[in-house]
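# An overview of the molecular structure
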Amino acid sequence: MYIRGLMNTSEISEIKELLSTPKNIVIVPHKNPDGDAIGSTTALHQYLKNKGHNSIIIAPNDYPSFLKWIPGEDGVIKFDGDQERAKEYIAQADLIFTLDFNHFSRAGMMERSLNEAKGIYVMIDHHQAPDDYAKYTYSDTTMSSTCQMIYHFIEKLGDVDAITPEIATSIYVGIMTDTGSFRFRSTTSVTHRIIADLIDKGADNTRIHQQIYDTNSYSRLQLQGVALKNLKVLPGYKTAYITLSQEELDEHKFRKGDTEGFVNFGLSLDGIIFAAIFIENKGEGIIKISLRSKGDFSVNEFSRAHFEGGGHTNAAGGKSELGLEKTVEKFISILPSYKNELEI
Ligand code: 5GP
Ligand code: MN
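Read on for a plain summary of the structure. (Residues numbered from 1 in each chain as written. Chains lettered and ligands numbered in written order. Predicted model: local features only at pLDDT ≥ 70, side-chain atom pairs only at ≥ 80, totals over all residues. Heavy atoms only, no water.)

## Points about the overall build of the protein chain
Quick note on the threshold: The way it works is that DSSP assigns letters per residue, a run of H or I at least four long becomes a helix, a run of E at least two long becomes a strand, and they are numbered from the N terminus. Per-residue accessibility, obtained with a 1.4 Å probe over protein chains only, is compared with the maximum for each type, and a residue is labelled buried under 20%, exposed over 50%, and partly exposed between these values. Contact definition: two residues touch when any of their heavy atoms are within 4.5 Å. In these tables, accessible area is a Shrake-Rupley quantity obtained with a 1.4 Å probe, and a residue counts as shielded only by the protein chains included in the view.
Counting its secondary structure elements, the protein chain contains 14 helices and 12 strands. Across the 344 residues in the protein chain, those meeting the buried criterion constitute 53%. Considering only contacts in the protein chain between residues 6 or more positions apart, those separated by 24 or more positions represent 66%. For the protein chain, the exposed surface amounts to about 15500 Å²; the carbon and sulfur share of it is 48%.

Below is the structure:
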């Protein structure tokens with residue numbers, strides 16, 4: 001199995017040494033955690049707990065119900081609802097793992113507590129431009145998912161035999177969701193070998209797929225219909241975008257996670273290489289933006305430059321405070337400056 005990334009042998013030895021006696025450990029995913037964030041944190045949590053550590057996951061906020069069956073998920077503390085308890089754990093932590101993000105600002109209202117923490121930081125992440133807060137940084141943008149990196153991390157610790165069916169299930173979830181079910185460019189033969197091993201170790205692939213993708217509500221399917229109706233195509237720029245207003249969301253009993261994957265509808269059109277979705281959030285006073293691309297057009301750079309966001313080359317997010325209509329106007333007005341990349 002190939003081992004990649006920045007963590008070298010002496011760092012691994014140091015981490016092994018640290019983990020040789022029971023520690024207080026806090027594990028943190030990013031705000032609005034997705035399948036990879038919850039999969040990686042629950043996998044590592046269960047691994048460390050089984051090794052005798054006092055481990056706890058603290059998420060900045062809640063996550064969609066389709067992630068609420070993953071093994072190890074039931075004890076997750078949500079920082080925004082349980083700040084006192086969360087702050088106590090963070091203050092007492094010997095080790096803090098931050099997974100699937102690389103900048104404290106991605107932890108939302110936890111940012112300050114993370115800045116003040118005294119514990120040793122370990123970052124495991126596959127996004128671009130990692131910050132330097134961690135003593136141990138395992139950062140690799142070629143990786144399909146943070147979950148794949150958790151597998152490699154356990155492998156580097158020489159401990160793959162400690163992967164239980166529950167840990168295998170958690171890791172499987174994040175690899176599956178971050179690769180669009182094993183079809184994005186980041187999916188390699190190594191990814192597939194790991195998946196094969198996870199199935200051997202007890203991950204029930206069919207059941208996992210069903211639990212994540214076949215638990216639609218009627219109102220979510222109807223909302224999907226609205227998104228498809230709102231889909232606009234700009235053939236000159238090989239671009240498609242979707243808008244969803246707060247009113248449309250409310251009409252369809254929007255719940256966290258309901259719009260997951262909608263941005264990909266645009267990208268499924270023949271000839272389209274850039275897709276966006278703009279989702280109004282009146283509560284936060286922002287438009288949440290998701291961007292996807294095919295090939296070399298970097299939505300990470302696009303989002304960093306124009307929408308206060310970031311992510312990966314082919315999948316990124318951002319936000320705007322301009323209101324829905326003005327945000328879309330801004331988006332369209334920017335496209336001509338990417339003419340060369342989008343026209344080819
Ligand atoms: P999504 O569109 O599914 O919310 O996110 C796609 C990718 O972009 C994910 O890897 C996510 O971590 C990243 N991302 C989403 N929103 C933001 C944001 O506001 N800032 C940054 N830096 N990354 C984001
Ligand atoms: Mn991820």
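## With respect to the coordination of the manganese ion (ligand 2)
By definition of the ideal shapes, a tetrahedral metal site with four donors has angles of 109.5 degrees and an octahedral site with six donors has angles of 90 or 180 degrees. What counts, and what does not: Excluding water, the donors of a metal are its N, O and S neighbours within 2.8 Å, or within 3.2 Å for Na, K and Ca, and that exclusion means sites may look incomplete.
Every protein donor of the manganese ion (ligand 2) is listed here as Asp36 (OD), Asp100 (OD), His126 (NE2) and Asp178 (OD), and their distances to the metal cover 2.2 to 2.4 Å. On the basis of relative accessible area, Asp36 is assigned to the buried category, the value being 0%.

## Thoughts on the packing of helix 5 (residues 146–156) against helix 6 (residues 165–178)
Note the threshold: To get an axis, fit a line to the C-alpha atoms, keeping to the stretch in contact for a helix; angles then go from 0 to 180 degrees between the N-to-C directions. Note that the term roughly parallel is reserved for angles under 35 degrees, roughly antiparallel for angles over 145, roughly perpendicular for angles of 65 to 115, and oblique for everything else. Three residue categories are used. Nonpolar comprises Ala, Val, Leu, Ile, Met, Phe, Trp, Tyr, Cys and Pro, charged comprises Asp, Glu, Lys and Arg, and polar comprises the others, including Gly.
At a minimum axis distance of 7 Å, the contact between helix 5 and helix 6 shows a crossing angle of 140°. By the angle class used here, helix 5 and helix 6 are oblique. Every residue of helix 6 that contacts helix 5 at Cys147, Gln148, Ile150 and Tyr151 is listed here: Ser170, Ile171, Gly174 and Ile175. Of the residues contributing to the contact of helix 5 with helix 6, the split by class is five nonpolar, three polar and no charged.

Any functional reading would require information beyond the geometric quantities listed.
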